[in-house]
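What follows is the residue order along each chain.
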Amino acid sequence: MRALIAAGIGLAAALALVFAITAIGAPPGETSKKPLHTTVPDRP
Amino acid sequence: MRRRASLILLALAVFFAALSPLIRWYAFPRLAKIPPSQYQDMVLEAKNATLLDYATMKSKKVPKVSIVQTLKGNVAAAKKVKDRTGRDVVVWDTLSHVADHKGKMVSQIPERYVFDAHSQEPVHAGGEHVDGDPVRRQGIEYKWPFLTEKRDYEYFDFQTRTSAPIHYKGTRTVHGLETYYFEQTIPWTKVKVPKKLPLGATPETVEQLGLERWYTTKRMFWVEPTTGAPVDGQEIHKEEMRWTDKPGKKPLTAFAGHVKMRPDYQEATVEMVASQRQLVLTMTTYLPWGFLVLGGLLLAGSLALEARAAAAPRKGRGELRDQLHQSRSLQASSGGSPSPDHGRAKS
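For clarity, every value in this text was computed on a predicted model and none was experimentally measured.

### Points about the overall build of chain A
Move 1: The helix and strand inventory of chain A stands at 1 helix and 0 strands.
Move 2: Summarising its shape, the C-alpha atoms of chain A cover approximately 70 × 20 × 10 Å along the three principal directions.
Move 3: Taking all 44 residues of chain A together, the buried fraction comes to 9%.

What follows is the structure, encoded as structure tokens:
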């Protein structure tokens, strides 16, 4: 019985961690200030 | 004490074993995406190309034609589409700027490309266009999906404004990276004249001259399959201005050349893709397999501790039994027949 509880705690922690990370996601950032090129750049 | 440690190890074993498939099949598809703010540029070149001189309306050989492609993620537009559709999308405002060897503009074609940030499938949320003409894209453009498969894909051709299969043709190695090679041939097709041309020429003036634009290309991409990013791209591209009312008259070559990535841009792309590849592999391979192995080891440790904890009381019980047996033997020897030495001492 104690083994089942320990396994359940491990599983719940894994699910909580993954759900939290995916829910937070990555910030969208901002639109770049750089222009759309109308000249040929010298370098990347 | 050993029992408690065994239970903690068991909980950790389940934690890591569960994380393995969760990261690969749940977290990765949700976390792997093109950022809506991405900005990227690329320069392609066609050396010894043929170009139409709009001043003389004659084709001429030029040492080099450059095609500068810029992709700029529009975060505000992506947020609006997300609010409306609930999907993670990327809105790319792009410009294909073509310049001759002197850097003078040959043509410019802007585009807006709206697509799913995770799957790279087009999202029809309005605003999609090529050179100001509304389009409804099917298939991919510029980038393949993460974990690209060895199969044909539908690829959108912005010149014809249509999609056609781009065929998987096998694996190739580019700068040490394994890539999937794709090829698409667009047969001669009548296409629209770009709205921005040199010397103030417009589609209307071209039409008034009795000309229409035709185009064919063989498009080649070498795609790094983990990230879905092309690390090399080439086109054998031909454009003609054909006489609408004079089918026998020789067409004017508007452009003909073998377009390739400029080497410095290709090197920068390979470097960027190689680092992004490691990130994707961390989510799809390194962490899932690492956590699975770690879970297995922790489970083995937990079982070993449990076995030792179970063996300890048995061992204790065995020692007690031996002690009891010894004490009974002593009692029997003191109360029963005397030993020879004991008898001699008495006498």
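### Regarding the environment of B:E267
Residues and elements named next belong to chain B.
Move 1: Its location among the elements puts E267 in helix α4 (residues 263–335).
Move 2: According to the C-beta neighbour criterion, E267 is partly exposed, with 14 such atoms within 10 Å.
Move 3: Placed 36 residues apart in sequence, E267 and V231 show a C-alpha to C-alpha distance of 8.6 Å.

### Some details on the UniProt feature "transmembrane region" (unreviewed entry) in chain B
Move 1: This chain's UniProt record puts "transmembrane region" (unreviewed entry) on residues 286–305 of chain B.
Move 2: In this annotation, residues 286–305 of chain B is assigned 100% helix and 0% strand; the end-to-end C-alpha distance for the span is 28 Å.

### Considerations on the domain arrangement of chain B
All names here are of chain B.
Move 1: You can read the domains of chain B as domain 1 (1–31) and domain 2 (32–284).
Move 2: Taking the mean C-alpha position of each, domain 1 and domain 2 sit 45 Å from one another.
Move 3: Facing 6 residues of domain 1, the contacting portion of domain 2 comprises 4 residues.
Move 4: Grouping the constituent residues of the side of domain 1 that touches domain 2 by class yields 5 nonpolar, no polar and 1 charged.

### Here's the deal with the pairing of strand β10 (residues 211–224) of chain B
Residue and element names in this part refer to chain B.
Move 1: As paired strands, strand β9 (residues 177–191) and β10 are joined by 10 bridges and run antiparallel to one another. Bridged to Q184 within β10 is R219.
Move 2: The pairing of β10 with strand β11 (residues 229–243) spans 14 bridges and is classified as antiparallel. Following the sheet pairing, F221 is matched in β11 by G233.
Move 3: Connecting β10 to the antiparallel partner β11 that follows it, the hairpin turn spans 4 residues, and G228 within it adopts a positive phi of roughly 75°.

Criteria and thresholds
By convention here, each chain's residues receive numbers from 1 onward along its written sequence. Working convention: letters from A go to chains and numbers from 1 go to ligands, in the order in which they are written. The predicted origin of the model limits local features to residues at a pLDDT of at least 70 and limits the giving and counting of side-chain atom pairs to 80 or more, whereas totals for whole chains, interfaces and linings rest on all residues. Comment: elements are numbered from the N terminus, with helices defined as DSSP H or I runs of at least four residues and strands as E runs of at least two. To sort residues by exposure, count the other C-beta atoms lying within 10 Å of each residue's C-beta; 20 or more gives buried, 12 or fewer gives exposed, and values between give partly exposed, all with C-beta atoms placed from the backbone. UniProt positions are given in the numbering used here, feature names are shortened, and annotations may be inferred rather than shown by experiment. Throughout the structure description, domain borders are defined by an automatic or database domain assignment. This entry defines residue contacts through backbone-placed C-beta atoms, with two residues in contact when those atoms are within 7 Å. Under the scheme applied, nonpolar residues are Ala, Val, Leu, Ile, Met, Phe, Trp, Tyr, Cys and Pro; charged residues are Asp, Glu, Lys and Arg; polar residues are all the others, including Gly. The criterion for strand pairing is that DSSP finds at least two bridges linking the strands in question.

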